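Okay, here's what each chain looks like letter by letter:
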Amino acid sequence: MEYRIALAQFAPRLGDLDANLALVADRVRAAAAEGADLTVLPELALTGYLLQDLVPDVALAADDPRLLGIGAEAPGMLVAAGFVEETAEHRYCNSVALVRDGVLLGLHRKVYLPTYGLFDEGRFTRTGDRIRTHDAGAPIGRIGLSVCEDFWHPSLPMLQALDGASLLVNVAAGPSRAPGGPAGLAAIAGWHKMQDTYALLGTVPLAFCNRVGNEEGLTFWGGSRVVGADGSVVVEAPLWEEALVVGTLDTDDLRTQRYGLPILADERLELVRRELDRVIGERAGIDGAAEAE
Amino acid sequence: MTELDETAPLPAIDPALAVEIIVGFIRRQMEQAGFSRLVIGLSGGVDSATVAYLAARAIGADNLLAVRMPFRTSSEASETDAMRVVNALGCRTERVDITPMVEPMLALIEDSDAAALNVRRGNVMARQRMIVLYDRSAAEDALVMGTSNKTEALLGYGTLHGDMAAALAPIGDLYKTQLRAVARQLGVPEQVVQKPPSADLWPGQTDEGELGRSYDMLDRTLYALVDRRWTVDRCERAGLPRDLVESVQQRVARMEFKRQLPPVAKLSLRTPGFDHLYPRRRPGSKR
């Protein structure tokens, strides 16, 4: 069964929740006109990226009507969008919500907050502590959500694939360094290689939506894509500019791919777990960990 | 230089993409700040010419005021080149002779050390130009465009609160050698791109004469030390002269203060720079 994914790469306005809700509504309408079943918006689509101490000012609870109202322009459409979440315990997270018809179907809190080089996320937001998948019903099935840097840790998408994800969705705000130079081109190629590899090794299709635009001197590179379960690119948005691209996936392709390449089913989870326990014990210096075997 | 191109290359640049990114940056900053006009000090050199071209492309030549601010010793060629840029862009321009503003101050300056005297005189001129630009920016309801490049910023080759004072630094992450490629991409007159860079603070002054090395060698060294985080030993193995690498490394460290806001003695609960951290503009802060 076919379904259509729209990737809306745009430039959110820094710190301006109302303006961004309007921009998101525009894109949802455009995606609906393209017949999209799922629309993916970038990381922190509702707030912009370099928020610093604006974080509490723009945070929303996961049950806030403004968040749940995303996609109201397109009944029946799934929408994934990044926002700043304030939990009931007043913990501020860089989260992505999966919403349909005013109902929150899934929520992921960014697990890996880059706090090195030009990144300072760990200073202003707190890490998530769950890696799950969320049932979106037919035809898509279970969706594994993640945010940008989460994808630099292969354990996260692989866990989601093993946990039954039939689609991975990564929302991103990737700033460019040395754009157009060898290092900058290599960084973008690295992102794309990683996606192809996760799709291929997880035998799972993937949607990646990266923002564009400039904030405080940082320029975000776009290049959003849908990748099939065989690691091939279904659709790719241009670099640097706003775009809405739509890719079609077929659930039959997933079925065929997983029969032909049953690596996910063959994964030796009990073995992985035993060796992981050993590594964790050794790294923590727990006596006897090396002999656990 | 072909051997060094392999081992210690100049920083690469995609000039067309750089133009696109900088133009987007200028537009976004103007929009966030709520301004539609820019003021720039046009010297006739490649840096300010390039910024003028970028500004005109971002906001339209009609919204750009290029101020030429000669001192009595400034070279005629600088004025000719500045007018070449103005005519090519069709932007508005104004000539403000800083001589009568600067001379009373210079008359008060004495120094037994000739080099120190040159620096002090140069700083007075650079700061006087800043005063003129900021005055015009208030009159024009405009922002002041910075014209410092990355090579200058890293080497601290600029005057604090003088040519380094600006609302935006559009070419602040472009090395001098990259900047020339961007200038050509924009169509800056070849004469301006090629002439020896000079602050024109006294007759015969050139950047490369003052810095003691060519921009080519400085940029190779800075790119290796700063962008690639190479050690001095590794730079030397790549064919860069050790004395050059060490002097550049030392100068970058010595000039760190010029690239930062002044330190604040923290006393309160919440202090800008430490734990009061915001984007420069946020909703509601626009004029």
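Owing to the predicted nature of the structure, the values given are computational and were not obtained by experimental measurement.

Considering the overall build of chain A
Logical step 1: For chain A, the helix and strand inventory stands at nine helices and 14 strands.
Logical step 2: Relative to the compact-globule value of 19 Å for 293 residues, chain A shows a C-alpha radius of gyration of 19 Å, a close match.
Logical step 3: For the C-alpha atoms alone, the extent of chain A along its principal axes is close to 60 × 45 × 45 Å.
Logical step 4: By residue count, 46% of the 293 residues in chain A fall in the buried class.

A closer look at the overall build of chain B
Logical step 1: Along chain B, the regular secondary structure elements total 13 helices and four strands.
Logical step 2: What you see for chain B is a C-alpha radius of gyration of 20 Å, in line with the 19 Å of a compact globule of 287 residues.
Logical step 3: Dimensions of chain B, computed from the C-alpha atoms along their principal axes, are close to 55 × 50 × 45 Å.
Logical step 4: Within chain B, the proportion of its 287 residues that are buried is 38%.

A word on the nonpolar core
Logical step 1: Residues I5, V40, A80, A81, V171 and A207 of chain A are the most contacted members of the largest nonpolar core, which totals 74 residues.
Logical step 2: In terms of residues, this core owes the most to one element, strand 3 (residues 78–86) of chain A, which gives six residues.
Logical step 3: Setting aside residues no more than four positions away along its own chain, A81 of chain A makes contact with V24, L41, A45, L46, I70, V96 and A97 of chain A.
Logical step 4: Counting 68 residues, the second largest nonpolar core, distinct from the first, contains V85, V144, Y223 and V248 of chain B.

As for the domain arrangement of chain A
Logical step 1: Here chain A is described as being made up of domain 1 (2–261) and domain 2 (268–293).
Logical step 2: Placing the centre of domain 1 of chain A and that of domain 2 of chain A at their C-alpha centroids yields a distance of 33 Å.

Remarks on unusual backbone geometry
Logical step 1: Between A138 of chain A and the following residue, P139 of chain A, the backbone shows a cis peptide bond with an omega angle of 0°.
Logical step 2: Mapped onto the fold, P139 of chain A is located in the loop between strand 6 (134–135) and strand 7 (142–147).
Logical step 3: Although it is not a glycine, R229 of chain B adopts a positive phi angle of roughly 55°.
Logical step 4: Turning to its location among the elements, R229 of chain B is positioned in the loop between helix 11 (215–227) and helix 12 (232–237).
Logical step 5: Among the residues examined, R229 of chain B registers 8 C-beta atoms within 10 Å and is labelled exposed.

Points about the sheet that holds strand 9 (residues 206–210) of chain A
All names here are of chain A.
Logical step 1: Spatial strand order, 6-7-8-9-12-13: six strands in an open sheet with mixed pairing. Lying at the two open borders of the sheet, with one neighbouring strand each, are strand 6 and strand 13 (233–236).
Logical step 2: Relative to strand 7, helix 5 (residues 155–162) is tilted by about 170°, and along the sheet it contacts strand 7 and strand 8 (167–172).

Some details on the packing of helix 11 of chain B against helix 13 (residues 242–254) of chain B
Residues and elements named next belong to chain B.
Logical step 1: Relative orientation of the contacting elements helix 11 and helix 13 amounts to 65°, with a least axis distance of 10 Å. One element, helix 11, and the other, helix 13, form an angle in the roughly perpendicular class. Crossing angle aside, the handedness with which helix 11 passes helix 13 is right-handed. Only L244, V245, V248, Q249 and V252 of helix 13 make contact with helix 11, whose side of the interface consists of M217, L218, T221, L222, L225 and V226.
Logical step 2: Class assignment of the residues belonging to the contact of helix 11 with helix 13 gives a composition of nine nonpolar, two polar and no charged.

Notes on the sheet that holds strand 2 (residues 38–40) of chain A
Residues and elements named next belong to chain A.
Logical step 1: Across the sheet, which stays open at both edges, the six strands sit in the order 5-4-3-2-1-14 with mixed pairing between neighbours. Here the strands that pair on one side only, and so sit at the sheet edges, are strand 5 (103–109) and strand 14 (243–250). Geometrically, the sheet is characterised by an average inter-axis angle of 30° between neighbouring strands, direction not taken into account.

Looking at the confidence of the model for chain B
Logical step 1: Across chain B, pLDDT averages 95, with 100% of residues at or above 70.
Logical step 2: Listed scores for the predicted complex are pTM 0.93 and ipTM 0.90.

Quick look at the interface of chain A and chain B
Logical step 1: The partner chain B presents 17 residues to the 17 residues of chain A that form the contact.
Logical step 2: Among the residues forming the side of chain A that touches chain B, the class breakdown is six nonpolar, eight polar and three charged.

Overview of the pairing of strand 10 (residues 212–215) of chain A
Within a regular strand, the side chains alternate between the two sheet faces.
Logical step 1: Alternating residues of strand 10 of chain A divide into V212 and N214 of chain A and G213 and E215 of chain A, and every residue in both groups is buried.
Logical step 2: The hairpin turn running from strand 10 of chain A into strand 11 (residues 218–221) of chain A, its antiparallel successor, is two residues long, and E216 of chain A in that turn takes a positive phi close to 50°.

As for the environment of E242 of chain A
All names here are of chain A.
Logical step 1: Mapped onto the elements, E242 comes out in the loop between strand 13 and strand 14.
Logical step 2: Looking at E242, the number of C-beta atoms within 10 Å reads 16, which means it is partly exposed.
Logical step 3: For the pair E242 and F10, spaced 232 residues apart in the sequence, the C-alpha separation amounts to 4.8 Å.
Logical step 4: Ignoring anything within four residues of it in the chain, the contact list for E242 reads Q9, F10, A11 and V212.

Side note on the pairing of strand 13 of chain A
Residue and element names in this part refer to chain A.
Logical step 1: When strand 12 (residues 225–227) meets strand 13, the two strands line up antiparallel, connected through three bridges. Residue V227 lies in a different strand from strand 13, and its bridge partner there is V233.
Logical step 2: In this antiparallel pair of consecutive strands, strand 12 and strand 13, the connection spans five residues, and G231 shows a positive phi of 85°.

Considerations on the environment of F151 of chain A
Residue and element names in this part refer to chain A.
Logical step 1: Mapped onto the secondary structure, F151 falls in the loop between strand 7 and helix 5.
Logical step 2: Judged by C-beta crowding, with 20 C-beta atoms within 10 Å, F151 ranks as buried.
Logical step 3: Taking the C-alpha atoms as reference points, F151 and M194, 43 residues apart in sequence, are found 8.0 Å from one another.
Logical step 4: Not counting the four nearest positions on each side in its chain, F151 is found in contact with S146, P157, N170 and M194.

Quick look at helix 4 (residues 76–89) of chain B
Residue pairs three or four apart in sequence face the same way in an α-helix, which turns once every 3.6 residues.
Residues and elements named next belong to chain B.
Logical step 1: Its 14 residues place the ends of helix 4 20 Å apart at the C-alpha level, agreeing with the 20 Å of an ideal helix rising 1.5 Å per residue.
Logical step 2: D81, A82, V85, V86 and L89 are the residues of helix 4 that are buried. All buried residues of helix 4 fall inside an arc of 145° around its axis, so they share one side. For helix 4, the exposed residues lying more than 90 degrees away from the buried face are E76, T80 and N87.
Logical step 3: Phi turns positive one or two residues past the end of helix 4, at G90, with a value near 75°.

Rules used throughout
- Residues numbered from 1 in each chain as written.
- Chains lettered and ligands numbered in written order.
- Predicted model: local features only at pLDDT ≥ 70, side-chain atom pairs only at ≥ 80, totals over all residues.
- Helix = DSSP H or I, 4+ residues; strand = E, 2+ residues; numbered from the N terminus.
- Rg over C-alpha atoms; globule rule 2.2 N^0.38 Å.
- Buried ≥ 20, exposed ≤ 12 C-beta atoms within 10 Å, placed from the backbone.
- Core = buried A, V, L, I, M, F, W, Y, C linked by C-beta atoms within 7 Å.
- Contact = placed C-beta atoms within 7 Å.
- Domains from an automatic or database assignment.
- Pairing = 2+ DSSP bridges.
- Axes fitted to C-alpha atoms, helices over the stretch in contact; angles between N-to-C directions.
- Parallel < 35°, antiparallel > 145°, perpendicular 65-115°, else oblique.
- Left-handed = near helix turned anticlockwise from the far one by under 90°.
- Nonpolar A, V, L, I, M, F, W, Y, C, P; charged D, E, K, R; others polar.
- pLDDT = per-residue confidence, 0-100.
- Expected span 1.5 Å × (residues − 1).
- Arc of directions from axis to C-beta.

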